[in-house]
Amino acid sequence: MTQPYMDWDAAYRQDTPPPWSIGEPQPELARLIEQGKVHGEVLDSGCGHAALSLTLAAQGYTVVGLDASPTAIAAAAAAASERGLTTASFAQADMTAFTGYDGRFNTVLDSGLLHALPADGREAYVRAIHNASAPGAALYILAFAARPFGDRTPGPSGFTADELRDTVAICWTVDEVRPAKLYGNDAPAAGGPAALPGVERDGAGHITMPGFLLSAHKDN
C-alpha cells in the first residue's frame, strides 16, 4: 500500500525542528562511528538537518548529504559553513531517482529514510544508493519496526525484520538485521507519538521507538 504523501519540506519550515531532528546523530549510528565501521567517502542518505554529516566532517570524513527538502539542505549547508567543515557538501535530490554519484561512496548511512518512503518507491531507492556505492561499500539502515506508534496513530508503517531484509536484499548482500532504537524529540502534540502513553523516554528530552539496524555490503 502506498503511504499518503507528506510535505517533508514543510516539516523543516516550522519554528521547531521536526521530531526526528534531534541535533545529534542517532545513537545507533553514533556507535558505528565510534566502532570504526564508517570508512572512506560517506553518503548521508536523507540527511535532513545533517547532524550526522556534520559530526562525520568534524572527524575528518568526506561526506555528501542528500535530501528531498531544499529547506533542510540550505540549513545543513549553512551549518557546515559556519563551522568551517569543508569536507561536507549537500544537495537536494529525489532519493528514489538520484544520479551523478555512480560508484562513489564507501559507506552509506540511512538514518530513518527508508521507512518514510512510499512502499512503491523503496526498491528504486535501494537501487539508487547501490548505484552510488563503490564495490565493497558498507550500508547501514536504521528503520522503524512495524507500526511503532500503534494502529491508530499516523506515521511510517515500518518493517518486520524479514521485510526489511527482503527490501534491501534485492541488490545488496545483507549481513545482519538486529533490534535497535530510534530517538525523537519529546515534544508532545495532540495525537502525535510523544503523546502516546506507551512511548518510552530516555530522561534527556527524547522519546525512543522500536526499530532495526540493518547492515549490508555491496559485492565486489
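Just so it is clear, the model here is predicted, and its values are computed rather than measured.

Visitor: Can you walk me through the overall build of the protein in this structure?
Guide: From N to C terminus, the protein includes six helices and eight strands. When its helices and strands are written in sequence order, the protein yields α-α-β-α-β-α-β-β-α-β-α-β-β-β. Taken over 220 residues, the protein has a buried fraction of 50%. Considering only contacts within the protein whose residues lie at least 6 apart along the sequence, 70% involve residues at least 24 apart. Accessible surface, the protein: about 10,400 Å² in total, of which carbon and sulfur atoms supply 51%.

Visitor: Help me understand the side chain of Lys218 in this model?
Guide: Looking at where Lys218 falls in the secondary structure, it is placed in the segment after strand E8 (206-217). A polar side-chain atom of Lys218 sits 2.8 Å from the main-chain carbonyl oxygen of His130. Ignoring anything within four residues of it in the chain, the contact list for Lys218 reads His130, Asn131, Ser133, Ala134, Pro135, Gly136, Ala137 and Trp172.

Visitor: Please clarify how helix H2 (residues 27-34) should be interpreted in this entry.
Guide: Helical geometry: 3.6 residues make up each α-helical turn, so side chains three or four residues apart lie on a common side. Within the sequence span of H2, burial applies to Pro27, Glu28, Leu29, Leu32 and Ile33. Where H2 ends, the next residue or the one after it, Gly36, has phi of about 75°, a positive value.

Visitor: Would you mind showing me how to read the environment of Leu85 here?
Guide: Following the sequence through the fold, Leu85 ends up in the loop between helix H4 (70-83) and strand E3 (88-92). A C-alpha to C-alpha distance of 9.6 Å links Leu85 and Leu56, two positions 29 residues apart in sequence. Every residue in contact with Leu85, bar those within four places of it in the chain, is listed here: Leu54, Ala57, Ala58 and Ala80.

Visitor: Just to check I follow, could you spell out the pattern of salt bridges for this structure?
Guide: Any two side chains of opposite charge can pair, on the condition that their charged atoms come close. Enumeration over the complete set of coordinates arrives at eight salt bridges. Across the salt bridge formed by Glu28 and Arg31, the nearest N and O atoms sit 3.5 Å from each other. Here the residue Glu28 and the residue Arg31 both occupy positions in helix H2, the gap between them amounting to three residues, near one helical turn. Using a relative accessible area of 7% as the deciding quantity, one classes Glu28 as buried. Linking Glu28 and Arg178 is a salt bridge whose minimum nitrogen-to-oxygen distance equals 3.0 Å.

Visitor: Can you help me understand helix H3 (residues 51-58) in this one?
Guide: In terms of burial, H3 is largely enclosed, as six of its eight residues are buried. Buried residues of H3: Ala51, Leu52, Ser53, Leu54, Leu56 and Ala57, and no others. Contact partners of the buried residues in H3: H2, strand E1 (42-45), strand E2 (63-67), H4, E3 and strand E4 (105-111). One or two steps after H3, the chain reaches Gly60, where phi turns positive at roughly 100°.

Conventions we followed
For every chain, the first residue of the written sequence is number 1, and numbering continues from 1 onward in sequence order. Reporting of local features is limited, given that this is a predicted model, to residues whose pLDDT is at least 70; pairs of side-chain atoms are given and counted only at 80 or more, and all residues count toward the totals for whole chains, interfaces and linings. By convention in this description, side-chain values take in all heavy atoms of the structure and omit both hydrogens and water. What counts as a helix is a DSSP run of H or I of at least four residues, what counts as a strand is a run of E of at least two, and both are numbered from the N terminus. Note on classification: 1.4 Å probe, protein chains only; a residue is buried when its accessible area is under 20% of the maximum for its type, exposed when over 50%, partly exposed between these limits. Any two residues whose heavy atoms approach within 4.5 Å at even a single point are treated as in contact. All accessible-area figures derive from a Shrake-Rupley calculation using a 1.4 Å probe, and residue coverage is judged against the displayed protein chains alone. Nitrogen and oxygen atoms within 3.5 Å of one another constitute a polar contact, given that in protein one can donate a hydrogen and the other can accept it, and given that sequence-neighbouring residues count only through two side-chain atoms. Just to be clear on terms, a salt bridge is a Lys or Arg side-chain nitrogen sitting within 4 Å of an Asp or Glu carboxyl oxygen.

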